[in-house]
Amino acid sequence: MFDSGVGGLTVVRALRRLLPAESLIYLGDTARVPYGNKSPQTICRFAREDAQFLLAKGVKALVVACNTASAHALESLRRECPVPVIGVIEPGVEATLAHEQSRHVGIIGTTGTIRSGAYQQALKAARPGLKIQAVATPLLVPFVEEDWLRHPALELVLGQYLEPLLLRGMDTLLLGCTHYPMLVPLLRRMLGGKVRLVDSASTCAAHTRDLLKAKGLLRAGRARGGLQIHLTDRSEQAEALARRLLKGEALRIEAAQL
Ligand code: DGL
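Let me begin by describing the structure that accompanies this report. Every value quoted in this text rests on a predicted model; they were computed, and no experiment measured them. (Residues numbered from 1 in each chain as written. Predicted model: local features only at pLDDT ≥ 70, side-chain atom pairs only at ≥ 80, totals over all residues. Heavy atoms only, no water.)

The four strands lie next to each other as β1-β2-β9-β10, forming an open sheet whose pairing is parallel. The open sheet has two edge strands with one neighbour each: β1 (2-3) and β10 (252-255). Strand direction decides the pairing type here: β1 and strand β2 (residues 24-28), joined by two bridges, are parallel. Paired with Phe2 across the two strands is Leu27, which belongs to β2. Taken strand by strand, helix α1 (residues 9-18) contacts β2 and β9 (227-231), and its axis lies near 170° from that of β2. (Pairing = 2+ DSSP bridges. Helix = DSSP H or I, 4+ residues; strand = E, 2+ residues; numbered from the N terminus. Contact = heavy atoms within 4.5 Å. Axes fitted to C-alpha atoms, helices over the stretch in contact; angles between N-to-C directions.)

Shown next, in the form of structure tokens:
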């Protein structure tokens, strides 16, 4: 699994719960985060390098635990990789559509994800009557990577981003970035119970299970699989966040060179 930074660990957490027997290798490209403000060409190049790193370790499947990379590079990775590749956009769309009563969906994500139109197009195609409002929220990833999850400045920034969505009556907020589930406690406090929050982490884990099963790749047995974390930059805050997020895991964090 890979992401630009520590955000994809939200998907790791969901996968660990659903498939505890599988061994996971996670690559966080913390030296080059964020991906969300880079050009599509650069995002594709980074995604290819991330995939190569993991393929060299002999993985049997690849999870692109990053919306920005999924939006831009999923098709080419699927063409180029010899193993099944799972992204987070389809699961995010599925999780959103699971609720029939959603009428007005707000989408927040990196500039790259929102500009790609991947979520907007997939949702419109599946449910043409749905009202969709997408807002790029590029300042949120740096807050998460800095582990400033309780900082008053974050609330201020989120408030600005959410205002246009709330003004037009959003009833569902799709968190189109794997970093954003870490903002859920604050979002819940700010939005109360009137807006449903959707993210792709658990649906992505379910997709991964179904795909491994269909391909006969699920690991049998009850023994817990290993978990390796590789970061291209081992900053103190990234490691602290990883340890907090994956509390209870025997974490091995290593430096990665791409
Ligand atoms: N976590 C990522 C995503 O889901 C990328 C954030 C970024 O690097 O800008 O889009």
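This is not the end of the story, as more comes after the structure.
Attention now goes to the pattern of salt bridges. Counting across every chain of the model gives 15 salt bridges. Ionic pairing is found between Asp210 and Arg209, a salt bridge with its closest N-O pair at 3.2 Å. Assessed through its relative accessible area of 29%, Arg209 is described here as partly exposed. The partner of Arg234 in a salt bridge is Glu239, with the nearest N and O atoms 2.6 Å apart. For Glu239, a relative accessible area of 13% corresponds to the buried category. One network of salt bridges, in which partners are shared, links Asp29, Arg32, Arg45 and Glu49. (Salt bridge = Lys/Arg side-chain N within 4 Å of Asp/Glu carboxyl O. Buried < 20%, exposed > 50% of the residue type's maximum accessible area, 1.4 Å probe, protein only.)

Moving on, we get to the packing of aromatic side chains. For any pair of aromatic rings, the description consists of the separation of the ring centres together with the inter-plane angle of the planes. One pass over the structure, following the stated rule, counts two aromatic pairs. Their ring planes at 50° and their centres at 5.2 Å tell us that Tyr35 and Phe46 sit as a pair that is tilted. With Tyr35 in the loop between β2 and α2 (40-55) and Phe46 in helix α2, this pair connects stretches of sequence that are eleven residues apart. Judged on exposure class, the residue Tyr35 and its partner Phe46 are both buried. Centroid distance Phe143 to Trp148: 6.2 Å. Interplanar angle 50°. Geometry classified as tilted. Residue class for Phe143 comes out buried when judged on its relative accessible area of 13%. Its guanidinium or amino end placed over the ring of Phe46, Arg32 lies 3.7 Å from that ring's centre, counting from NZ or CZ. (Phe/Tyr/Trp six-rings, centres within 6.5 Å; stacked < 30°, edge-to-face > 60°. Lys NZ or Arg CZ within 6 Å of the ring centre and 35° of its normal.)

Without other data, these values stay purely geometric and don't point to any function.
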